[in-house]
Number of protein chains: 2
Amino acid sequence: YEYQAEELTYFRGLDAVTLDGHNIILRSNIEIAEEVPIALREGAQGVGLFRTEFLYMKRKCVPSEDEQVEAYREIIESMAPHPVTIRTLDVGGDKLVSDIDLSDEANPAMGLRAIRFSLKEKILFKVQLRAILRASAHGKARILFPMITGVAEIKSCKNLLNEVKRELAEEGHAFDADIEIGIMIETPAAALVTELLAREVDFLSVGTNDLIQYCLAVDRGNEHVAYLYEPLHPAVLRALRMICRAAQQAGVMVGICGEMAADPLYTLVLLGLGFDEWSMNAPFISQVKRIIRQVYRPEAEQLVAELFELGSAPEAARRLAGEMNRRF
Amino acid sequence: YEYQAEELTYFRGLDAVTLDGHNIILRSNIEIAEEVPIALREGAQGVGLFRTEFLYMKRKCVPSEDEQVEAYREIIESMAPHPVTIRTLDVGGDKLVSDIDLSDEANPAMGLRAIRFSLKEKILFKVQLRAILRASAHGKARILFPMITGVAEIKSCKNLLNEVKRELAEEGHAFDADIEIGIMIETPAAALVTELLAREVDFLSVGTNDLIQYCLAVDRGNEHVAYLYEPLHPAVLRALRMICRAAQQAGVMVGICGEMAADPLYTLVLLGLGFDEWSMNAPFISQVKRIIRQVYRPEAEQLVAELFELGSAPEAARRLAGEMNRRF
Ligand SMILES: [Mg+2]
Ligand SMILES: [Mg+2]
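In this text the structure is predicted, and so the values were computed from the model without any measurement.

Residue and element names in this part refer to chain A. The coordination sphere of the magnesium ion (ligand 1), as far as protein atoms go, consists of Glu 186 (OE) and Asp 210 (OD), spread over 2.0 to 2.1 Å. Of the two residues, Glu 186 is situated in the loop between β6 (180-185) and α7 (188-192) and Asp 210 in helix α9 (residues 208-216); the sequence distance between them amounts to 24 residues. Both residues of the pair, Glu 186 and Asp 210, belong to the buried class.

The two copies are related by a screw operation: chain B maps onto chain A through 180° of rotation and 0.0 Å of translation along the axis, at an RMSD of 0.0 Å. Such a combination of rotation and displacement between the chain copies is what one expects of a two-fold axis. Identified as the residue of chain B closest to the rotation axis by C-alpha distance is Asn107(B), at 2.2 Å. By residue overlap, the copies meet face to face through one surface: 100% of the interface positions of chain B are interface positions in chain A.

Below, the discussion takes up the environment of Arg326(A). All names here are of chain A. Mapped onto the secondary structure, Arg 326 falls in helix α14 (residues 313-327). Look at Arg 326 and you get exposed, because its relative accessible area is 63%. Here the alpha-carbon distance between Arg 326 and Tyr 1, two residues 325 residues apart in the chain, equals 9.1 Å. Polar contacts involving the side chain of Arg 326 include one to the side chain of Glu 323, which spans 3.2 Å.

If you walk through the whole model with that rule in mind, you get six aromatic pairs over all chains. On the numbers, 5.8 Å between centres and 85° between planes, the contact of Phe50(A) with Tyr72(A) is edge-to-face. With Phe50(A) in strand β3 (residues 47-51) and Tyr72(A) in helix α3 (residues 65-79), this residue pair connects regions lying 22 residues apart in the sequence. Accessibility expressed as a relative area gives 3% for Phe50(A), which makes it buried. Positioned over the ring face of Tyr229(B) is Arg220(B), at 4.7 Å from the centre of the ring.

The subject of this paragraph is the side chain of Glu186(B). Buried Glu186(B), no salt bridge; nearest opposite-charge side chain is Arg87(B), N-O distance 5.1 Å. The residues contacting Glu186(B), other than those within four sequence positions of it, are Pro146(B), Met147(B), Gly207(B), Asp210(B), Leu211(B) and Tyr214(B).

A separate point is helix α12 (residues 285-292) of chain A. For an α-helix, 3.6 residues make a turn, and residues three or four places apart therefore share a direction. In terms of burial, α12(A) is largely enclosed, as eight of its eight residues are buried. Elements that come into contact with the buried residues of α12(A) comprise β1 (16-17), β2 (23-30), α11 (267-273), β9 (277-280) and α14 of chain A.

Glancing now at the pairing of β2(A). Residue and element names in this part refer to chain A. β2 sits mainly inside the fold: six of its eight residues count as buried. As paired strands, β1 and β2 are joined by two bridges and run antiparallel to one another. Pairing of Val 17 across the sheet is with Asn 23, part of β2. Connecting β1 to the next strand, β2, in antiparallel fashion are five residues, including Gly 21 with a positive phi near 85°. Bridge count for β2 against β9 is four bridges, and the pairing is parallel. Directly across from Leu 26, in β9, lies its bridge partner Trp 278.

Turning our eyes to something else, we now look at the interface of chain B and chain A. Contact residues are listed per partner, giving 44 residues for chain B and 44 residues for chain A. Across the interface of chain B and chain A, roughly 3,500 Å² is buried in total on both sides, 59% from carbon and sulfur atoms. Looking only at chain B, the three residues that lose the most surface to chain A are Met110(B), Leu192(B) and His224(B), adding up to 20% of its buried area. Note that Arg238(B) and Glu195(A) form a salt bridge whose closest N and O atoms lie 3.0 Å from each other. Broken down by secondary-structure element, the contributors of at least two residues to the side of chain B that touches chain A are α5 (115-120), α7 (151-171), α8 (188-192), α9 (194-198), α10 (208-216) and α11 (234-250) of chain B. Counting residues per element, the side of chain B that touches chain A draws most heavily on α11(B), at five residues. By residue class, the composition of the side of chain B that touches chain A is 26 nonpolar, ten polar and eight charged.

Thresholds, definitions, all that
- Residues numbered from 1 in each chain as written.
- Chains lettered and ligands numbered in written order.
- Predicted model: local features only at pLDDT ≥ 70, side-chain atom pairs only at ≥ 80, totals over all residues.
- Heavy atoms only, no water.
- Donors = N, O, S within 2.8 Å, 3.2 Å for Na, K, Ca; no water.
- Helix = DSSP H or I, 4+ residues; strand = E, 2+ residues; numbered from the N terminus.
- Buried < 20%, exposed > 50% of the residue type's maximum accessible area, 1.4 Å probe, protein only.
- Least-squares fit on C-alpha atoms with pLDDT ≥ 70 in both.
- Contact = heavy atoms within 4.5 Å.
- Polar contact = N/O pair within 3.5 Å; in protein donor to acceptor, adjacent residues only side chain to side chain.
- Phe/Tyr/Trp six-rings, centres within 6.5 Å; stacked < 30°, edge-to-face > 60°.
- Lys NZ or Arg CZ within 6 Å of the ring centre and 35° of its normal.
- Lys, Arg positive; Asp, Glu negative; His and termini not counted.
- Salt bridge = Lys/Arg side-chain N within 4 Å of Asp/Glu carboxyl O.
- Pairing = 2+ DSSP bridges.
- Buried area = accessible area lost by both parts, 1.4 Å probe.
- Nonpolar A, V, L, I, M, F, W, Y, C, P; charged D, E, K, R; others polar.

Below is the structure:
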């Protein structure tokens with residue numbers, strides 16, 4: 001079921017629609033503006049995840065507001081009318097110029113990173129929010145907050161965003177006053193309380209890489225335990241199902257932007273679980289789309305129900321690979 | 001609701017029974033044999049968690065099988081007829097003499113530790129299992145495996161245990177052939193698939209400290225994020241409820257041995273959630289027992305239902321503290 005790129009060019013201009021007419025939105029993950037032409041060529045319906053870390057890293061000082069506005073504006077304009085989902089800074093302070101010394105964190109993955117860092121370094125955070133808002137005047141932008149674990153963090157983000165909006169309005173800057181905000185669901189806590197979080201935002205985006213790591217308490221960069229990182233672990237499937245069901249009940253769009261979205265092995269699973277928006281590196285869009293266009297959604301739902309009957313990742317992986325090899 | 005020790009001596013000889021006759025088993029967490037007299041004095045019904053790390057640490061070489069047998073036997077004999085729950089080694093190799101170099105682990109809490117380490121260092125692990133089994137001839141021992149995330153790990157442990165039993169039988173050693181085995185539920189994955197894991201074991205023990213940390217992706221030893229460690233976070237309460245319900249449906253006893261068990265603030269919550277066996281440092285037993293003896297279990301269940309209606313840890317903490325101050 002993995003095709004060569006040249007076999008897939010046919011799919012670039014087509015919708016990602018199942019045989020029974022269910023539409024999936026396929027977007028691109030990007031890190032730098034240079035990836036935009038590839039995303040456009042591959043038919044991405046916008047950017048589902050713009051990682052802004054690149055702007056901040058490997059430099060002497062943090063990027064100025066104007067510099068960020070330019071970076072965001074360029075991408076937003078080229079993607080219009082599709083949305084560009086800008087994720088706020090998703091690193092720990094150890095990766096940046098910072099007054100907070102984080103070199104002594106015993107477990108940085110469970111430390112002061114992502115939204116925790118932004119909410120501590122409020123000035124830095126407000127500059128980024130100002131830049132995103134100012135850029136939002138040039139097309140359709142969305143804001144995505146990483147590593148949320150509870151409602152309190154979302155409320156802090158929204159308060160800061162409103163403060164920034166007032167400032168910009170007073171200063172006479174144009175911006176999208178109704179800019180959509182979303183959160184990453186990538187901690188087990190967020191998966192467990194998705195419906196509480198969903199009430200506070202316009203969209204959700206599941207970060208499967210981190211969600212799997214925290215669920216299984218496995219740092220997959222650690223060679224000694226990488227074997228435990230299993231996307232089809234029954235606990236992971238259950239967490240994903242809980243998230244999708246809670247999002248549907250709340251009437252909020254749920255996306256996925258982890259590596260699972262780009263791997264055609266998981267396409268039927270994600271379709272069956274009910275993800276609305278999938279974001280991946282652009283070169284993978286066509287092969288995922290090709291599979292989506294060849295199935296009825298209830299078939300995928302049936303397959304997922306079958307996977308839930310299996311008690312381990314290896315069994316689920318065998319069942320899934322068998323199905324994929326048989327059909328595609 | 002926190003009493004002085006001398007006011008509580010009255011409760012030492014009494015059962016931990018609710019006004020409607022529901023019995024809770026209160027056991028002691030211990031680390032060294034010197035804690036046994038305190039546990040006995042405080043009326044602990046056995047040891048719910050014997051941390052064996054102390055035997056292994058701050059020394060030049062790992063403890064011999066005979067040395068371990070002696071250490072376990074001493075505690076098992078003094079606790080008889082109550083059980084002593086011996087948790088197998090729960091550290092990373094960085095704390096031990098080991099051939100595996102773990103000094104480069106970026107996130108040791110998500111690395112090669114606890115059961116992962118034991119399953120890699122099988123010789124070390126088998127020596128510990130042999131020692132526990134040999135000591136089990138002298139009273140009632142139970143084996144507890146830490147940091148389980150899936151059925152495969154339990155099966156590996158059981159296979160090794162059976163291998164060791166065969167060896168011991170051939171060598172003519174006495175041991176409890178029906179020794180009970182249990183697992184720690186302390187990863188989000190284990191909480192999500194408790195009913196799959198429960199089928200494989202005789203009992204479960206929830207480690208709230210780690211469960212909370214992994215759920216929230218928070219290292220509570222990290223001063224920058226310790227504020228996010230919230231035992232009453234709605235996600236934590238949900239995880240605990242999922243575990244208790246799954247254990248009840250599987251007909252398996254579910255215990256708790258994290259710090260929540262020892263804090264009287266949480267006594268009504270844990271009673272309402274349905275934990276059967278609570279293990280804590282012995283000096284806390286009487287104050288927890290005092291509360292249990294003054295309530296009807298349905299009251300606690302009602303309180304838990306109310307906490308589940310609240311959307312954040314601070315709200316739940318206020319509601320709970322109000323109730324505790326009003327009643328005790
Ligand atoms: Mg992440
Ligand atoms: Mg632990």
